[in-house]
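Below, each chain spelled out in residue letters.
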Amino acid sequence: MKKSAKVERASGIVEIILLGFALPVIYVSERQDGSLLVLETDDRLRCLIEFLEGHYPLKGLEFYPELNGYGIEQWERQFPRRTSWLYDYRLAFQIIEYTTPRYMHLQMGNYIERWNFTREQGIRNELYGGNLARRLAFLEQEGGQEAVFFSRVPLNRQYMVLRILMYRFVRAGEVWGRRGENLTLQQLLDRTAALILNKGSEWVSETADDLRKATEELLYWDGITYYGLERDKGKEPQARVLGYLYNVV
């Protein structure tokens, strides 16, 4: 994120605090080591913390123009009362405990505005560790340059691979719930991720070949029918369509 964007977001959140408005609850996931992973799309909390650490001044304050251009150290000297308001403000956190099923950590993304695949995959990488990310990256890269129609963002392409394999595992009967249990999308993805991590290197190589061949077939078909596989690039509708088409091929 550019510094100008950080300054703008920090300035906005500080002005809201000074005006006495309540900020939305901040959702965080507890990790195994006890640290907390913030589930936030616009990095407002990060920008606020960086301002408080003295990284940049605030700008564009509409209701407190006298504070524009000053960093936190100058605030403490010249505006101690306003600084006290800021330091005394209480943020509300909703902590999702580590022992909570992992799919519930990801499910919170559905309640956060502008949540996207990149954010979700970032959380997924934190929850499952680097092994899953490396496997998905390998499978996505082995799909060839043509697979860029998924998205230009690598994390989005990894998510597409995860969705495609979810359909494959469900079709093969490797992912199932208890009798009468209706699994949510996040539960299905959670179990798919666990299966991928348990597969051997031979399976990974064979799956990479299958994905590459299926990509070639789909691009050939798309060139004839003009269906538009790049439609809704990197979005949920494309994930559903491609998850089905890849497994048909």
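See the structure above.
A. Representation of the pattern of salt bridges in the model. Counted under the stated rule, the structure contains nine salt bridges. In this structure, the salt-bridge partner of E50 is K6, at a minimum N-O distance of 3.5 Å. You can see E50 sitting in helix α2 (residues 44-52) and its partner K6 sitting in helix α1 (residues 3-18), a full 44 residues away along the chain. Each member of the pair, E50 as well as K6, carries the same accessibility label: buried.

B. Examining the environment of L45 more closely. Its place among the elements puts L45 in helix α2. Taking relative accessible area as the criterion, L45 reaches 9% and is therefore assigned buried. Between the C-alpha atoms of L45 and A10, which are 35 residues apart in sequence, the distance is 8.1 Å. Excluding residues that lie within four positions of it along the chain, L45 makes contacts with I26, V38, E40, L91 and F93.

C. Summary view of α1. Along its 16 residues, α1 runs 22 Å from first to last C-alpha, staying within 8% of the 22 Å computed at 1.5 Å per residue. Within α1, the full set of buried residues consists of K6, V7, A10, S11, I13, V14, E15, I17 and L18. Its buried side turned inward, α1 meets α2, α3 (72-78) and α4 (80-88). Positive phi shows up at G20, right after α1, with a value of about 90°.

Definitions and limits used
Residues numbered from 1 in each chain as written. Predicted model: local features only at pLDDT ≥ 70, side-chain atom pairs only at ≥ 80, totals over all residues. Heavy atoms only, no water. Salt bridge = Lys/Arg side-chain N within 4 Å of Asp/Glu carboxyl O. Helix = DSSP H or I, 4+ residues; strand = E, 2+ residues; numbered from the N terminus. Buried < 20%, exposed > 50% of the residue type's maximum accessible area, 1.4 Å probe, protein only. Contact = heavy atoms within 4.5 Å. Expected span 1.5 Å × (residues − 1).

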